[in-house]
Amino acid sequence: MRERVPKHTKKPLHDKEKLSEAIAATREMLLANLSMLAQVPAQTFHEKDRAEFILGRFTEGGITDPTTDSMHNAIGRYNGRSGRKTILINTHMDNQFDSTTDQNVTITENKAFGAGIADDNLPLALLMTLPDIICRANLELENNLVFLASTRYHGRGDFGGMRQFIAQNAGGIDAAINLSGTSIGSLNYFTLSRVRCDIKCEMETDHESLWQSIAAGNAILVINEVIESLFSIPLPRRPRTVLNIGMISGGERYSRPGREASVNLEALSEDDETMTSLIDEISTRCTDIAARYGADVSVDFFGRHKAASMTSRHPLIKAAISVIKELGYHPIMEYSNSEISVSMTAGIPSLGLALTTGKGGKHHKSYIDLPPINKGILQLLMILKAIDSEENDKND
Amino acid sequence: MTKKAQDPINKWLDRRTFHYRDFANLADLVKLKEKRKVTISLCFPTLNEEKTIGKSIVVMKSELMDRYPLLDEIAVIDSGSTDNTLKIAAEFGADTYLASDYLPDEGKCCGKGENLWKALYLLKGDIIVYVDTDISNIHHRFAYGLIGPLLQDPKVKFVKAFYTRPFKSSSGIMPTGGGRVTEILIRPLFSQFFPELTGIIQPLSGEYAGYRKLLEQIHFPIGYGIETGMLIDIYQKWGLNAIAQTNLDLRIHRNQQIASLGKMAFGILQTFWSRLRTYKEINQLEPESLILRQMQLQGDEADLIEWDIEEHERRPMIEIEAYQKKYNRE
C-alpha cells in the first residue's frame, strides 16, 4: 500500500464557506433524491429498477455517460482537471426489504424517517446529488471521481457488486471512500478477517407414532448442541477473535419435534490464519455432532473477507482526521465490515465515512438528523480537496 | 349486457388521454412554457399533513424549480392545522397561508375547496396546479404530468389526474383498491345525466391543473363536492374538449374507512343535485334532509349516528371585488 507523509498539513485546504453554501443550496435536491430513491425497492439480488433510477439521476445531474454492468452496479464518472488520480466514492444500493414493505420517507423540519433510512439511503442520495453540488460550488477538482452505487451488499450478496467492480477496475482506482449514513465522525480504515456461516440440521422425525418421533431426536436440540460446542472453542485474545450468533430458527409447531433447525453465525478476527483455523474447527465439530446424533448437519461458509488495514500516517487518513476535527467532531476510529474490505484487499487505500447522526433499524421509527448532513457532505468535499492539494504539492 | 361506448367519448379518450411520460422531457416543457409566456403556481391544500408535506415540497422544489424552472411558485394553503404542517412547509421554502386569514369579508368556511378557491386569490400563476398532500409516494410527475397537456395544446384548459390506486393497510401495500365512491356513485350518476363525463377515468382524483381564466369563473364547493362540481361546471361551460386527463401511474394514499366514504358520497350528492338544478332544470330534487344517518354496531347494540353535512359553495372568484382589483378584472 502506498504511503507518504504530506508536506502541507498546516496549509488551509479550501474555501469552506463557499462549499457549505453550495451544499445548503442543494438541500432540497438531496432530500428529493432521498425521497424518490426510497420509492424504488431494491432487495438484494433485485436491484435493477433502483440501478436504472440512479443512472437516470446521474444523467439529470450532468454525468454524461453513466454506465452499468452485469451486476447492475450504477456507475458515474466526473473528470477532474488533471485526472492524475481516480477516487472511488461508493455506497451500496440494496437493502433487505421486499417490495411489499413501505419504504416511503417522511421529512420533518430536522429529521427524516423511514425504514432503513439510517443505513445507506442517504449516501446513495448524496451520490446522485454530488454532481449538482460540485457544479454549484464551481468546484474544480484535479482528480477524477467515480461514483459507484453497488449491488449485492447484504447477506448472501456478499459485496458481489463491489467485488466485481474492483475486480474489473482495481488498476484504475487510486483511493476509495465508502459512505454510510450514520454516525458522522466515524472513520474506518481497517477491516477484520471475517466469515459468515449457515449451519443447518435436518432430522428424519416423520414416524407414525408420536413417541417414536420424539425418541428419534429433534433438530433443534442438535443445533443447541452445535451452539454449545462452538462456544466452547477457545478463542485467542491476541489476535482478537470473536464468534457471534446472528440468527436462529427451527421447528414447525408445538406438538412435533423439530425436523429442521439452523443457526447463522459470523466470526471476526484480526488475523486471517486464526480465522482459517477457526473455520476448520467449526467444520470438525459440526461433523462430529452430526455423527453422534445421526443428523444431517450442513455447514456453509461464505462472505470470507481478509483483514486489511492502513495506518493513521497515511495521507488519506491524516487528511480525514484533520477534516473531521476541523468540522468540530471527534474522529471515531474503529474496524469496518463495509465494502472497504474489498478495495483494501486489492491494495487500494480506502476509508469509510458517515454523513449524519440518527437511529438505525428496519422499522419506521428509524431516522436521520438533517442539520449535520451539511457538515457530513462538507467533510467529503474537504477530503477530496485535500487529496487534490497533496497531488499538487507533489508536483510543485 | 355490454355495448361499445359512444363514439364521441372514444374519440375524446384518444385525443385527450395522456401518460406522464409523454411530458418527461422537462427541458422541452420549460421551453414550451416560455413560448406560451405563462406562469405556473403549485398549490398544496393542507390540514394536518406534517407526515407528507415536507417530502411533497422538497420533491417539487428540487425538480421543478431548482433543476427545471417549470414552477414559479409553491404555496401551502392550510385549513388550520394543529400539527407542524405550516412550520415544515416554510422550512423547505414554500409560501404558507392560513386560508381563514384572507378574504374575511366573504365569511368563514372551512374545507379543501375553500383552500383551492382562495388559491386563486393568493397565488400569482396563469396556471394553477392542485396536488393533494396525502400522497406517500410523491413524485414531480404529479405536477408536470398535469401541466404538460395545458402547455402542449392551447385548447386544453383543465387536466385531471388518474392513476393506479393501491392502498395502505395494516398488512402492507395492497395492489388494488380505492375508487369505491367513483364506481358506486359518480360513474352511475354521470352515466345517467352527463354521459360524456364517463370518459374521465377518475373524476374524484385530488390532482388537477387549469388556467386561472377558467377556474376564476366557476363555483367552488368547499367540501366533498369540489371535484365533481368543478368537473361538471367546466364541461358545461367549455365542453369536453377543454378537459384532458393524464395517467400519473402509482399513487399511494391513506385508505378511508367505509363510514368516511359514506360522508363523502353524501356531500357529493348535494353538489350533484345542485348541478342538476342548474344545468338540467330539474327542480324537484331538493333533499329533504342534510343529515346523514349511519348505523354503528357495537356488540348487540346498534347506534344511529347522525352527521350534519351541508355542502357550501363559493361563488366564482371573478365576482369577488378584492380579486377583481388584484388581478385587474374590473
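Residues numbered from 1 in each chain as written. Chains lettered and ligands numbered in written order. Predicted model: local features only at pLDDT ≥ 70, side-chain atom pairs only at ≥ 80, totals over all residues. Heavy atoms only, no water.

Draft legend 1. Local environment of the overall build of chain B. Helices and strands together make up the secondary structure of chain B, namely eleven helices and 15 strands. Whereas a compact globule of 330 residues would reach a radius of gyration of roughly 20 Å, chain B reaches 20 Å, a difference of no more than 12%. The principal-axis extent of the C-alpha atoms belonging to chain B is close to 60 × 50 × 50 Å. Burial statistics for chain B: of 330 residues in total, 53% are counted as buried. (Helix = DSSP H or I, 4+ residues; strand = E, 2+ residues; numbered from the N terminus. Rg over C-alpha atoms; globule rule 2.2 N^0.38 Å. Buried < 20%, exposed > 50% of the residue type's maximum accessible area, 1.4 Å probe, protein only.)

Draft legend 2. Summary view of helix α9 (residues 315–326) of chain A. All names here are of chain A. Across its twelve residues, α9 extends 16 Å between first and last C-alpha, which sits within 8% of the 16 Å expected from 1.5 Å per residue. Residues P315, L316, I317, A319, A320, I321, V323 and I324 constitute the buried set of α9. Immediately downstream of α9, the backbone of G328 shows phi near 95°, a positive value. (Expected span 1.5 Å × (residues − 1).)

Draft legend 3. Structural detail: the interface of chain A and chain B. Each partner contributes residues to the interface: chain A has 23 residues there, and chain B has 25 residues. Taken together, the two surfaces of chain A and chain B that pack against each other cover about 2100 Å², and 51% of this comes from carbon and sulfur. Considering only the surface of chain A that becomes buried against chain B, E28, I107 and E109 of chain A emerge as the three largest contributors, covering 26% of it. The tally of links from chain A across to chain B stands at four salt bridges. Note that R57 of chain A and E63 of chain B form a salt bridge whose closest N and O atoms lie 2.7 Å from each other. (Contact = heavy atoms within 4.5 Å. Buried area = accessible area lost by both parts, 1.4 Å probe. Salt bridge = Lys/Arg side-chain N within 4 Å of Asp/Glu carboxyl O.)

Draft legend 4. Just the sheet that holds strand β10 (residues 193–202) of chain A, in detail. All names here are of chain A. Strand order in the open sheet formed by four strands is β11-β12-β10-β13, with antiparallel pairing between adjacent strands. Edge positions in the open sheet fall to β11 (241–250) and β13 (296–305), since each of these has one partner strand only. Averaged over all neighbouring strand pairs, the angle between strand axes comes to 15°, with direction disregarded. Of the strand pairs in this sheet, β10 and strand β12 (residues 260–269) are connected by ten bridges, and their pairing is antiparallel. Across the sheet, the residue bridging to S193 is S269, located in β12. Lying over the sheet, helix α8 (residues 272–293) contacts β10, β11, β12 and β13, oriented at roughly 170° with respect to β13. (Pairing = 2+ DSSP bridges. Axes fitted to C-alpha atoms, helices over the stretch in contact; angles between N-to-C directions.)

Draft legend 5. Structural view of the pattern of salt bridges. Residues and elements named next belong to chain A. Taken as a whole and judged by the stated rule, the model has 39 salt bridges over all chains. When the shortest N-O distance is used, the salt bridge between E252 and R259 registers 2.6 Å. Looking at E252, the relative accessible area reads 52%, which means it is exposed.

Draft legend 6. Just the sheet that holds strand β4 (residues 106–107) of chain A, in detail. All names here are of chain A. Sheet architecture is open: four strands sit in the order β4-β5-β18-β17, paired in antiparallel fashion. Single-partner strands in this sheet number two, and they are β4 and β17 (358–359). As judged from the two bridges shared by β4 and strand β5 (residues 111–113), these two strands associate in the antiparallel manner. Following the sheet pairing, T106 is matched in β5 by F113. Most of the contacts of helix α4 (residues 117–136) go to strand β18 (residues 367–369), to which it runs at about 55°, and overall it touches β5, β17 and β18.

Draft legend 7. Summary view of the environment of E334 of chain A. Residue and element names in this part refer to chain A. Take E334: it is sitting in the loop between β15 (332–333) and α10 (340–345). Along the backbone, E334 and L55 are 279 residues apart, and their C-alpha atoms lie at a distance of 32 Å. Once residues lying within four places of it in the same chain are set aside, the contact partners of E334 are L187, N188, Y189 and F190.

Draft legend 8. How the structure looks around the nonpolar core. In this structure, I54 and F147 of chain A together with M60 and V129 of chain B are the most contacted members of the largest nonpolar core, which totals 117 residues. Per-element accounting of this core gives the leading share, eleven residues, to α4 of chain A. Leave out the neighbours within four places in its chain, and V129 of chain B touches I40, S41, L42, C43, A143, L146, I147, Y208 and A209 of chain B. (Core = buried A, V, L, I, M, F, W, Y, C linked by side-chain atoms within 4.5 Å.)

Draft legend 9. Just the packing of aromatic side chains, in detail. Residues and elements named next belong to chain B. Taken as a whole and assessed by the stated rule, the structure comprises 16 aromatic pairs over all chains. For the pair F158 and Y208, a centre-to-centre distance of 5.9 Å together with 40° between the ring planes defines the contact as tilted. Highlighted residues: F158 in strand β6 (residues 158–164) and Y208 in strand β9 (residues 208–211), separated in sequence by 50 residues. No difference in accessibility class separates F158 from Y208, as the two residues are buried. Considering the side-chain rings of Y323 and Y327, the 4.8 Å spacing of their centres and the 35° angle between planes classify their relative orientation as tilted. No difference in accessibility class separates Y323 from Y327, as the two residues are buried. Among the aromatic residues, those joined into a ring-pair cluster are F190, F193, F194, Y235, F272 and W273. (Phe/Tyr/Trp six-rings, centres within 6.5 Å; stacked < 30°, edge-to-face > 60°.)

Draft legend 10. Layout of the domain arrangement of chain A. Residues and elements named next belong to chain A. By the assigned domains, chain A splits into domain 1 (16–191 + 307–395) and domain 2 (193–305). Placing a centre on the C-alpha atoms of domain 1 and another on those of domain 2 gives a separation of 36 Å. Taking both partners together, domain 1 and domain 2 bury about 900 Å²; carbon and sulfur atoms supply 38% of that area. Summed over the three residues of domain 1 that lose the most area to domain 2, namely R156, A307 and N337, the buried surface amounts to 55% of that side. Summed over the shared surface of domain 1 and domain 2, the number is three salt bridges. Put simply, D158 and R194 hold a salt bridge, and the shortest N to O gap is 3.5 Å. Here domain 1 and domain 2 share seven residue pairs in polar contact (both at pLDDT 80 or more) between them. Counted by class, the side of domain 1 that touches domain 2 contains three nonpolar, four polar and three charged residues. (Domains from an automatic or database assignment. Polar contact = N/O pair within 3.5 Å; in protein donor to acceptor, adjacent residues only side chain to side chain. Nonpolar A, V, L, I, M, F, W, Y, C, P; charged D, E, K, R; others polar.)

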